[in-house]
Amino acid sequence: MTKVAVLGAGSWGTALANTMAKNGNQVVLWSHKEVQAAEINDKHSNEKYLPKAKLEANLQATADMAFALDGADIALVVVPTKAIREVGGQLADCLKASGQKVILAHATKGLEQGTHMRISQMLEEVVPAECYSGLAVISGPSHAEDVIKSDLTAISIGSTDVKAAQALQEALANESFRPYTNSDLVGSELGGALKNIIAIGSGMLIGKGYGANAQAALLTRGLVEIRQVGKALGANAETFLGLAGIGDLIVTGMSPNSRNYRAGRSLGQGKALSQVEEEMGMVIEGVNTVKAVYDLQSSLKLDLPITSALYRVIYEEESIDSAIKDLMTRPLKAED
Ligand SMILES: NC(=O)C1=CN([C@@H]2O[C@H](COP(=O)(O)OP(=O)(O)OC[C@H]3O[C@@H](n4cnc5c(N)ncnc54)[C@H](OP(=O)(O)O)[C@@H]3O)[C@@H](O)[C@H]2O)C=CC1
Ligand SMILES: O=C(CO)COP(=O)(O)O
């Protein structure tokens, strides 16, 4: 049995914590809100993020991070990208105070605004190296709404530290949840972050009334952009053919359980971004990630037409129709 502290009690943190508790591990889920921790402990539910789900009775929650981390083998951070430095800083303070060393992992899919850093790079900056042995990312096609129902799911765990990846793999694996390990931390993080951009575009096409041809074209050409950015940032191109690449692109670009897809669909139906964000009530990572990648493309000397079109629609008020026309009438070229 492994002791795991999961930091972040939104939909994904709760679903991952619940899976590991169901497997018989000792799991403590940290929420920054007392009231939410109390709901999980008393009612075994997290209605805001996973409506109607019955959580495992042995899943314990707390609003005290030091308590969650006490004796933990693994600390798994699952908060939105914008909260990583704050939560990582609190984690570092707890680990420094206790003198404990953990396997450090995260399941967040984004890039930092301004710095364009990956999540593990941010964590490395805020958590001193002596506080952890091994850093891993949980990536791959996995909606919390499906995982909580024990729908069949396969994910990938990216880490250069085999022992760290295997410890997470053991804690998570069961008959309906199959984790694979993968040594490409960079590619696993980038696959997870960048597919959110394309998923917004895929939702937009459906919201506009286009069909499966359009969606397949966008996802395939989107994968080319993901791979180009990934290679330029040091990922292994092969990773994008795996669960953390095309696997996650398929599920996020096609499933109504995806926040990014649903956001794009609502934008395609004519809603304003502010309204879409308010109605979602959950993080839509792709909205910030499209800006990060748009900003990065010139320094990486890349031409990313789909990412650029989505950036213009989201941030510069270009109409979706105009962006689609622009993409479809670019100079003809060979497929690369
Ligand atoms: N949902 C999914 O199916 C999947 C999500 N992911 C990724 O996981 C990450 C988290 O997403 P998800 O769980 O969906 O997000 P949600 O929006 O469902 O939940 C976010 C959680 O983080 C908490 N939070 C926000 N800011 C802070 C903070 N400063 N300190 C502490 N807690 C904070 C929120 O608390 P509060 O309620 O107070 O706002 C909430 O509990 C994202 O990067 C997402 O891309 C990856 C795979 C699947
Ligand atoms: O990464 C995810 C599924 O693998 C979740 O995507 P959304 O944030 O779009 O729901």
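Residues numbered from 1 in each chain as written. Chains lettered and ligands numbered in written order. Predicted model: local features only at pLDDT ≥ 70, side-chain atom pairs only at ≥ 80, totals over all residues. Heavy atoms only, no water.

### Remarks on the site of ligand 1
- Within the structure, ligand 1 sits among 25 residues, and His32, Lys33, Tyr49, Ala144 and Glu285 are positioned closest to it.
- For ligand 1, an oxygen atom lies 3.1 Å from a polar atom in the backbone of glycine 10.
- The separation between an oxygen atom of ligand 1 and a polar main-chain atom of tryptophan 12 is 2.9 Å.
- Surface burial for ligand 1 is 89%, taken as the share of its 900 Å² of free accessible area covered by protein chains.
- The pocket occupied by ligand 1, as judged from atoms lying within 2 Å of grid points, is the largest pocket.
- Counting residues domain by domain, the shell around ligand 1 receives three or more from each of domain 1 (3-183) and domain 2 (187-328). (Near = heavy atom within 4 Å. Polar contact = N/O pair within 3.5 Å; in protein donor to acceptor, adjacent residues only side chain to side chain. Areas by Shrake-Rupley, 256 points an atom, 1.4 Å probe, with all protein chains shown as cover. 1 Å grid on protein atoms, 1.4 Å probe; cavity = no way out; pocket = protein on both sides within 12 Å on 5 of 7 lines; lining within 4 Å. Sits in = over half its atoms within 2 Å of the grid points. Domains from an automatic or database assignment.)

### A short note on the UniProt feature "active site" (unreviewed entry) in the protein chain
- When the UniProt feature table is mapped onto this chain, "active site" (unreviewed entry) is found at Lys195.
- As for its position among the elements, lysine 195 is in helix α8 (residues 185-207).
- Those residues in contact with lysine 195, other than ones at most four positions away along the chain, are Lys109, Ile226, Asp248, Leu249 and Thr252. (UniProt positions renumbered as here; feature names shortened; annotations may be inferred. Helix = DSSP H or I, 4+ residues; strand = E, 2+ residues; numbered from the N terminus. Contact = heavy atoms within 4.5 Å.)

### Some remarks on the pattern of salt bridges
- Under the defined criterion, the tally for this structure stands at 14 salt bridges.
- Between glutamate 112 and arginine 85 there is a salt bridge, with the nearest N and O atoms lying 2.6 Å from each other. Here the residue glutamate 112 occupies a position in the loop between β5 (102-106) and α5 (119-126), and arginine 85 occupies one in helix α4 (residues 84-98), the gap between them amounting to 27 residues.
- Looking at glutamate 112, the relative accessible area reads 13%, which means it is buried.
- Arginine 85 is the salt-bridge partner of glutamate 125, the closest N and O atoms lying 3.0 Å from each other. A residue pair is termed long-range when its members are at least 10 positions apart, and glutamate 125 in helix α5 and arginine 85 in helix α4 qualify at 40 residues.
- Residue class for glutamate 125 comes out exposed when judged on its relative accessible area of 53%.
- When its relative accessible area of 27% is taken as the criterion, arginine 85 is described as partly exposed.
- What emerges from the salt-bridge pattern is a single network uniting Arg85, Glu112 and Glu125. (Salt bridge = Lys/Arg side-chain N within 4 Å of Asp/Glu carboxyl O. Buried < 20%, exposed > 50% of the residue type's maximum accessible area, 1.4 Å probe, protein only.)

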